[in-house]
Amino acid sequence: MKTVIRRLKKSVVAMLALSLFLAVSSISASADGLEDLGKEVDGSILTNEESAEAIWQNVARGSILNQGIGKITNIGNRTVNIYGATMAHVTCDTLIVKLTLQQYDGGWINYGTYGDTATNAASMSRSYNVKVKGGHYYRVKAACVAKKNGSSESQGPITNGIWIE
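Residues numbered from 1 in each chain as written. Predicted model: local features only at pLDDT ≥ 70, side-chain atom pairs only at ≥ 80, totals over all residues. Heavy atoms only, no water.

K.L.:
What should I look at first to understand the pattern of salt bridges in this one?
P.N.:
Side-chain pairs of opposite charge can arise whenever the charged atoms involved come near each other. In total, this model carries two salt bridges according to the counting rule given. In this structure, aspartate 36 engages lysine 39 in a salt bridge whose closest nitrogen and oxygen atoms are separated by 4.0 Å. On the basis of relative accessible area, lysine 39 is assigned to the partly exposed category, the value being 38%. We note a salt bridge from aspartate 116 to arginine 126, for which the minimum N-O separation is 2.7 Å. For aspartate 116, a relative accessible area of 33% gives the class partly exposed. (Salt bridge = Lys/Arg side-chain N within 4 Å of Asp/Glu carboxyl O. Buried < 20%, exposed > 50% of the residue type's maximum accessible area, 1.4 Å probe, protein only.)

K.L.:
Quick question: what am I supposed to make of the nonpolar core here?
P.N.:
The nonpolar side chains of soluble globular proteins are, as a tendency, buried together. Formed by 24 residues in total, the largest nonpolar core has its most connected members in Ile72, Val80, Ile82, Leu95, Leu101 and Val132. Counting residues per element, the ones that place at least two in this core are strand S4 (65-76), strand S5 (79-104), strand S6 (108-131), strand S7 (136-148) and strand S9 (161-164). In terms of residue count, the dominant contributor to this core is S5 (eight residues). The residues contacting valine 132, other than those within four sequence positions of it, are Arg78, Val80, Leu101, Tyr111, Tyr138 and Ile164. (Core = buried A, V, L, I, M, F, W, Y, C linked by side-chain atoms within 4.5 Å. Helix = DSSP H or I, 4+ residues; strand = E, 2+ residues; numbered from the N terminus. Contact = heavy atoms within 4.5 Å.)

K.L.:
Can you walk me through unusual backbone geometry in this structure?
P.N.:
Among all residues save glycine, negative phi is the norm, and among peptide bonds the norm is trans. The backbone of arginine 78 shows a phi angle near 55°, a positive value even though the residue is not glycine. One can find arginine 78 in the loop between S4 and S5.

K.L.:
What is the right way to read the pairing of strand S8 (residues 151-155) from this model?
P.N.:
Sheet faces and side chains relate simply in a regular strand, where the side chains alternate between the two faces. Pairing of S7 with S8, which is carried by five bridges, proceeds in the antiparallel orientation. Residue pairing across strands places alanine 146 opposite glutamate 153, the latter belonging to S8. Hairpin connection between S7 and S8: a loop of two residues separates the two successive antiparallel strands, and asparagine 149 in this loop has a positive phi of roughly 50°. (Pairing = 2+ DSSP bridges.)

Here is the structure:
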């Protein structure tokens, strides 16, 4: 009976040790690449949030451009959804949304550019799903442009960076 209890104790101790080892290993593995978490780089904070959004709002009277939005969301499987919108105070000749997806690698580098144009519109939005490489932060720089009667107004909201595993 004592032999059975000793073996049982040894098994429990071994399982606890293995569990502790695996827990510590997974913590350090998931921390790899996150040493820059919370750092601010060119106006963007590096986060481990699932999404980041930047909204520029114009409250000035007499302007054409009302709002510009840029957003990035981790939708899983090393895929991000990037979204941008341009909203005007009035119907415009041309509205433009241009989204530049950037990857952080010691500095922000362009990963891809996406966009579209609308005519005779007061608002437009576009959304793109993009496959990315894991182990990096990504952000979106949006260019939101409104043109009417030869006048043009633009803004460039920039999101924070989100970590993609």
